[in-house]
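Chain and residue survey
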Amino acid sequence: MRVLKFGGSSVADSEAIGRVAAIVARQPGATVVVVSALAGVTDALLLLADTAAAGGNCQPGLDALLQRHDAIAATISHPQRRQLAELSISGFADSARTTLRAIAADGRTHPALLDKLVAVGELWSSRLVDAAVSDAGVESHWVDARGVVKTDGRHQAASPDFEATVKCLDRLVRPWLARQRVVVLGGFIGSGPDGAPTTLGRGGSDYSATILGACLAADEIQIWTDVDGVLTADPRVVHDAQVLPVLSYEAAHTLARFGAKILHPRTMEPAAARGIPVRVLNSFRPDATGTRIGPAVIGGAAEASAASSRADIALVEIRLDHAPIEAGAIARVFGELHDAGIAVILAELCDGRLALAVDAAADLEPLQRRLSGHTTVQVTLGKSAVCVVAAPVAREARLVFDALTLLGTTPIHLMARPAGAATLGLVVDTADALMVVKQLHDGIVARPCSPAVQGVA
Ligand code: ASP
Ligand code: MG
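Residues numbered from 1 in each chain as written. Chains lettered and ligands numbered in written order. Predicted model: local features only at pLDDT ≥ 70, side-chain atom pairs only at ≥ 80, totals over all residues. Heavy atoms only, no water.

1. What to know about the sheet that holds strand β4 (residues 182-186)
Pairing is mixed in the open sheet, where eight strands are placed in the order β3-β4-β2-β1-β7-β9-β10-β8. Sheet topology places β3 (140-142) and β8 (246-248) at the edges, where each strand pairs with a single neighbour. Averaged over all pairs of adjacent strands, the angle between strand axes in this sheet comes to 20°, irrespective of strand direction. Two strands pair when backbone bridges link them, and strand β1 (residues 2-6) and strand β2 (residues 31-35) are joined in this way by five bridges, in the parallel orientation. Directly across from R2, in β2, lies its bridge partner T31. With respect to the sheet, helix α9 (residues 249-257) is in contact with β8 and β10 (291-294), its orientation differing from that of β8 by roughly 80°. (Pairing = 2+ DSSP bridges. Helix = DSSP H or I, 4+ residues; strand = E, 2+ residues; numbered from the N terminus. Axes fitted to C-alpha atoms, helices over the stretch in contact; angles between N-to-C directions. Contact = heavy atoms within 4.5 Å.)

2. Brief notes about the packing of helix α1 (residues 14-25) against helix α5 (residues 111-135)
Between α1 and α5, whose axes approach to 9 Å, the crossing angle comes to 55°. Taken together, the axes of α1 and α5 are oblique relative to one another. Handedness of the crossing formed by α1 with α5: right-handed. Here I17, V20, A21 and V24 of α1 come into contact with α5, specifically with L128, V129, A132 and V133. Looking at the contact of α1 with α5, its residues break down into eight nonpolar, no polar and no charged. (Parallel < 35°, antiparallel > 145°, perpendicular 65-115°, else oblique. Left-handed = near helix turned anticlockwise from the far one by under 90°. Nonpolar A, V, L, I, M, F, W, Y, C, P; charged D, E, K, R; others polar.)

3. With respect to the packing of aromatic side chains
Tallying each qualifying case throughout the model produces two aromatic pairs. Seen in terms of ring centroids, F6 and W224 are 6.0 Å apart; in terms of plane orientation they differ by 15°. Their pairing is stacked. With a gap of 218 residues between them, F6 in strand β1 and W224 in strand β7 (residues 220-225) connect regions that are remote in the sequence. Classification of W224 by relative accessible area gives buried; the value is 2%. Sitting over the face of the ring of W142, R127 holds its NZ or CZ atom 3.9 Å from the ring centroid. In this structure, R179 is placed above the aromatic ring of W176, and the distance from its NZ or CZ to the ring centre is 4.7 Å. (Phe/Tyr/Trp six-rings, centres within 6.5 Å; stacked < 30°, edge-to-face > 60°. Buried < 20%, exposed > 50% of the residue type's maximum accessible area, 1.4 Å probe, protein only. Lys NZ or Arg CZ within 6 Å of the ring centre and 35° of its normal.)

4. Considerations on the pattern of salt bridges
Enumeration over the complete set of coordinates arrives at 17 salt bridges. Of the charged contacts in the structure, one is a salt bridge between D206 and K5, with a shortest N-O distance of 2.7 Å. Note that D206 is positioned in helix α8 (residues 205-215) and K5 in strand β1, a separation of 201 residues in sequence. For the pair shown, D206 and K5 are each scored as buried. Measuring nitrogen to oxygen at the nearest pair gives 2.7 Å for the salt bridge that ties D144 to R146. Given a relative accessible area of 24%, D144 falls into the partly exposed group. (Salt bridge = Lys/Arg side-chain N within 4 Å of Asp/Glu carboxyl O.)

5. Topic: the confidence of the model for the chain
For the chain, per-residue confidence averages 87 on the pLDDT scale, and residues scoring 70 or more make up 86% of the total. Across residues 391-396, where pLDDT falls below 50, the model places 24 contacts with residues more than four positions away in sequence or in other chains. Throughout residues 448-457 the model reports pLDDT below 50, and contacts reaching past four residues in sequence, or to other chains, amount to 20 contacts. (pLDDT = per-residue confidence, 0-100.)

6. Looking at the pairing of β1
Among the five residues that make up β1, four are buried, leaving the element largely enclosed by the rest of the structure. A crossover links β1 with its parallel partner β2, the connecting element being α1, and its sense is right-handed. (Right-handed = clockwise from strand over helix to strand, strands pointing away.)

7. Some points on helix α3 (residues 59-73)
Compared with an ideal rise of 1.5 Å per residue, which puts 15 residues at 21 Å, α3 spans 21 Å between its outermost C-alpha atoms and is within 8% of the ideal. L62, L65, L66, H69, I72 and A73 are the residues of α3 that are buried. One face of α3 carries all of its buried residues, which in axial projection span an arc of 120°. Relative to its buried face, α3 has exposed residues pointing more than 90 degrees away, namely P60 and Q67. (Expected span 1.5 Å × (residues − 1). Arc of directions from axis to C-beta.)

8. Structural notes on the site of ligand 1
Taken together, the residues surrounding ligand 1 are S36, A37, T42, E122, F188, R202, G203, G204 and S205. Measuring from a nitrogen atom of ligand 1, one finds a side-chain N or O atom of T42 at 2.7 Å. Between ligand 1 and the protein, one listed contact pairs an oxygen atom with a backbone N or O atom of S205 at 3.0 Å. Out of a free accessible area of 260 Å², ligand 1 has 86% covered by protein chains. Residues belonging to the shell around ligand 1 are distributed by class as follows: two nonpolar, five polar and two charged. (Near = heavy atom within 4 Å. Polar contact = N/O pair within 3.5 Å; in protein donor to acceptor, adjacent residues only side chain to side chain. Areas by Shrake-Rupley, 256 points an atom, 1.4 Å probe, with all protein chains shown as cover.)

Shown next as structure tokens:
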């Protein structure tokens, strides 16, 4: 079976949704179709949330969104399907209205309420795409993604609970796929253990597609967008940027973390873990070959080169009052960041200064508070992170934390880690070197999948 994901511009209006239906119809068989909200809808909903929190009038904005979706529903030719689409669209609009009232009453945009509100964008779009696919003569079935993609409940940046998701899919999706049906659902959204709606972070529909692909052991995941594939650079910056015909999971992951907007930064994790090929395709030019992302082949074509950059980076410089800095102290910093859900894009340790590049939007207050005492933390805003990918080298997010925790009190003099890369370079005392090699080997190399360290942080 396949998972096909369509981004906001691929479902922006009835013409675009018609193209989606045609693309789905061209590939018969068991298919999961994951869709983003219509282009601009998530932004518009977030703006409404701000308006509500500030005590403003949300009615005109919500009416405009409702009208936009209604206009597309009106183009569905089958009368019952059209009616069903219209009914569910107005039902979801009612729930958006209720949530906006709750935000207004609260006077602030609580993350749980924001998730509840923005989920409506994907609920609307998925209903429309479901109706359009059926209208194109392909039997499809709509599923509420909030009941299928189970997460850890972290609002606005949820992580998937794969086990729980597999169980829900077995119940709600597999039976339809077994009958060779198309299942349509919204990307980006899911729900936590308590059933409250969660989202996977902006642009998260890509991630939904690979989460679902991994849970369903898909043969292929297709990410349909509005460009011809993954490019060697942002074409707005580099005018003659080229489409990469093939790319490794690792390179795609690193590029996404460094701001390549084409894929949500965590998209590759589930696909790479399962070895499922991901194709990035253009819904406006469905015959273009796109980019095929898969395992790295040493010396092979997948070792493509590309560059990307990401603005809004905070440079965090941490100075600990020990010289030399013990590995365990750095491990605690990474443990804190990991627990707070703050991704480290770049890290370097040099001369008693630990420098980290993180998203400027990350809330560093708790970390600063917890580290105060024998540590000075300096945060500088207004930075960008730039990367060049030349070879496939990515592994998992916990590598630095695991490695440094394993090394405990061993002094570390320098560390550099391009984000997303599996390579961790350390400079240690020669007297410690053989022991360090053995500890890293036994704790990480010999146990590539399971966390090397238990009961820490
Ligand atoms: N609609 C969501 C967003 O705009 C998710 C997505 O498009 O992937 O961020
Ligand atoms: Mg996107």
